[in-house]
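Secondary and tertiary structure notes
If you want the building blocks of each chain, they are given just below.
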Amino acid sequence: MGSEDVLKSASTLASYNVLLQVMFRVLTFLLNAFTLRFVSKELIGVVNVRLMLLYSTLVFLSREAFRRACLSSEGAGRNWKQVINLLWLTFPVGCVWGLLLVCVWWWMLQAPDPESIPHYVPAVGLFCLAALTELLAEPLWVLAHAHMFVRLKVIAESLAMIAKCLVTVVMVVSAPQWGLYIFSAAQCVYAGFLLLCYVLYFIHFLGSEEAEKKNFPVSHITDLLPSRLDHEPLLNWKLTTLTWSFFKQSFLKQILTEGERYVMTFLNVLNFGDQGVYDIINNLGSMVARFLFLPIEESFYVFFAKVLERGRDARHQKQEEVSMAAEVLECLLKLVLLIGLIITVFGYAYSHLALDIYGGELLSSGAGPALLRCYSCYVLLLAINGVTECFVFAAMSKEEVDRYNLVMLGLSASFLLLSYWLTWMLGGIGFILANCCNMALRIAHSIVYIHRYFVQSEYTPLWGLRPHSAVIIALGVSSILTTCSESMFCCDGGWLLRLVHIAVGAVCLLGVVVTVFLTETRLVQFVRTQLLPKYSKKRT
């Protein structure tokens, strides 16, 4: 597959992923708003912080390193049987992590009050079971992702999420007294549907005319199981050692990504009720970041990993591919920067209104609006870091990855200490400020790497971090107008004044968007031709 084809496929994948994440976040958004009316904030805190931390930790540590290694350019000309054998190690690794984590969650962490939140012990076991079920689909996921089966991921995860939401809604309404069993069953249904969709697809696809036309490396469903190879080792040792490097990094990255949840869970700086409120606001504040920035990062990591050769700077690569990678990186940086700035500006003036509409006085009173305002600033850093690290991880050699692990180790330690200290002083806002500091340091490291990578070439992708001056002026004027509007019209004067406040924001946002269209023409062209599915010339 040539560079142009890879770019088209990666762009299509990003577009579908964005649509998928939009649906996920909207469903989760509506589900949280619905369940707030039926369950306590303490129960939400246990599920969304304590149990989902167990699930995400087990899944991430068991599969992330395998994904990054097997999708990198190191796998070019790979023997897929060796790759599949390697990927099946995710399940025994998950079993080991599961046993360890369940013991910690059962016996080392403070259990919630069984009178108000019953069934904690079986819920931990069921969440672990759901995570292991999802890991069984990992070889199929990587195989599909490597061959750009974008619709498969969309359909599988959509069906799984819809099933999870349906189970949650039905059980919350009909049997709210079941408590944690409701969310445990819903998570098991999600994992089971996901696995079932991948298995059924490959049973149908393998051996078909479409598979033969694509020269698919696997011909029968039994080839997806671990197997011995004639005159070859069971595993590709180059990929195995790269996996080990990524594994050490993934451990540290997980601490940075979920750091505030680890601090809340292990250090008890917030009670379960405060954890529930913080998590709801965290999900609300990160909704755009998760459904937009994360899919772009995942999809274009595949592009950069396939186009660039690890460990070589821009001078020692094919110049046509370096030029394409530099142009894509610059446009992606400009895109996420502008989106992040818009969220920061308008998030400040509309946080109180958003929380009042979403959760009523439970969320809009107290520290809720201040938390969401801080998170709006954090989203800007989150956006930039996602793209810069996406490029850096795709371009680094194994040795550079190992060295960066030391950097991540220092960041992890400083983050945990800083978040504990700031949370002790400032409450939930301290978590967000600690995240901002960590993200800024990671961005700085990535920017230095990208600058050195291109320093002796003609390409300057970091110019993508410099928006047009007219856009900056438009954002500044919008910030002043919306802040004044909030102080005058929001949020105790009734719905008419709220609608006036919303109208002011809509006019300001329209002005910013028009300014971007008129000044950032290169970016607009990139979005139209690469990120929107209807403009994609190549269908996967």
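Now for a description of the structure that goes with this document. Just so we're clear, the structure is a prediction, and the values are computed from it rather than from any experiment. (Residues numbered from 1 in each chain as written. Predicted model: local features only at pLDDT ≥ 70, side-chain atom pairs only at ≥ 80, totals over all residues. Heavy atoms only, no water.)

A few words on the packing of aromatic side chains. Considering all chains together, one arrives at 19 aromatic pairs under this definition. Ring plane angle 70 degrees and centroid distance 5.0 Å describe the contact between tyrosine 453 and phenylalanine 454, whose orientation is recorded as edge-to-face. Of note, arginine 67 hangs over the ring of tryptophan 141, and the distance from its end group to the ring centre comes to 3.5 Å. Here arginine 68 stacks its cationic end above the ring of tyrosine 301, 4.6 Å away from the centre of that ring. (Phe/Tyr/Trp six-rings, centres within 6.5 Å; stacked < 30°, edge-to-face > 60°. Lys NZ or Arg CZ within 6 Å of the ring centre and 35° of its normal.)

Right, let's talk about unusual backbone geometry for a bit. Among all residues except glycine, the phi angle is most often negative; among peptide bonds, the trans geometry is most common. Phi angles above zero are rare outside glycine, and histidine 119 is one such case at about 70 degrees. Summarising the element assignment, histidine 119 is placed in the loop between helix 4 (90-108) and helix 5 (120-135). (Helix = DSSP H or I, 4+ residues; strand = E, 2+ residues; numbered from the N terminus.)

Once that is clear, we can look at helix 16 (residues 368-395). For helix 16, spanning 28 residues, the distance from its first C-alpha to its last is 40 Å, which sits close to the expected 40 Å at 1.5 Å a residue. The buried fraction of helix 16 amounts to 22 of the 28 residues, a majority that puts the element mostly inside the structure. (Expected span 1.5 Å × (residues − 1). Buried < 20%, exposed > 50% of the residue type's maximum accessible area, 1.4 Å probe, protein only.)

Moving on to the packing of helix 2 (residues 41-70) against helix 10 (residues 237-257). Put simply, helix 2 and helix 10 touch, their axes get as near as 7 Å, and they point 145 degrees apart. Note that helix 2 runs across helix 10; the crossing there is right-handed. Between helix 2, through Ser56, Thr57, Phe60, Leu61, Glu64, Ala65, Phe66, Arg68 and Ala69, and helix 10, the contact on the second element is made entirely by Leu239, Leu242, Thr243, Phe246, Phe247, Ser250, Phe251, Lys253 and Gln254. Considering only residue class, the contact of helix 2 with helix 10 consists of 10 nonpolar, 5 polar and 3 charged. (Axes fitted to C-alpha atoms, helices over the stretch in contact; angles between N-to-C directions. Left-handed = near helix turned anticlockwise from the far one by under 90°. Contact = heavy atoms within 4.5 Å. Nonpolar A, V, L, I, M, F, W, Y, C, P; charged D, E, K, R; others polar.)

Another point: the nonpolar core. Among the nonpolar cores identified, the biggest contains 169 residues, and Tyr198, Phe202, Phe304 and Phe454 are the most heavily contacted of them. For this core, the element with the highest residue contribution is helix 14 (residues 319-359), accounting for 22 residues. The contacts of phenylalanine 454, once residues within four sequence positions are left out, are Ala314, Val322, Ala326, Leu329, Phe391, Tyr459 and Pro461. (Core = buried A, V, L, I, M, F, W, Y, C linked by side-chain atoms within 4.5 Å.)

The subject of this paragraph is the environment of valine 500. Note that valine 500 resides in helix 20 (residues 495-519). Owing to a relative accessible area of 32%, valine 500 belongs among the partly exposed residues under this scheme. For valine 500 and serine 485, which are 15 residues apart along the polypeptide, the C-alpha to C-alpha distance reads 8.3 Å.

That is the geometry; function is a separate question.
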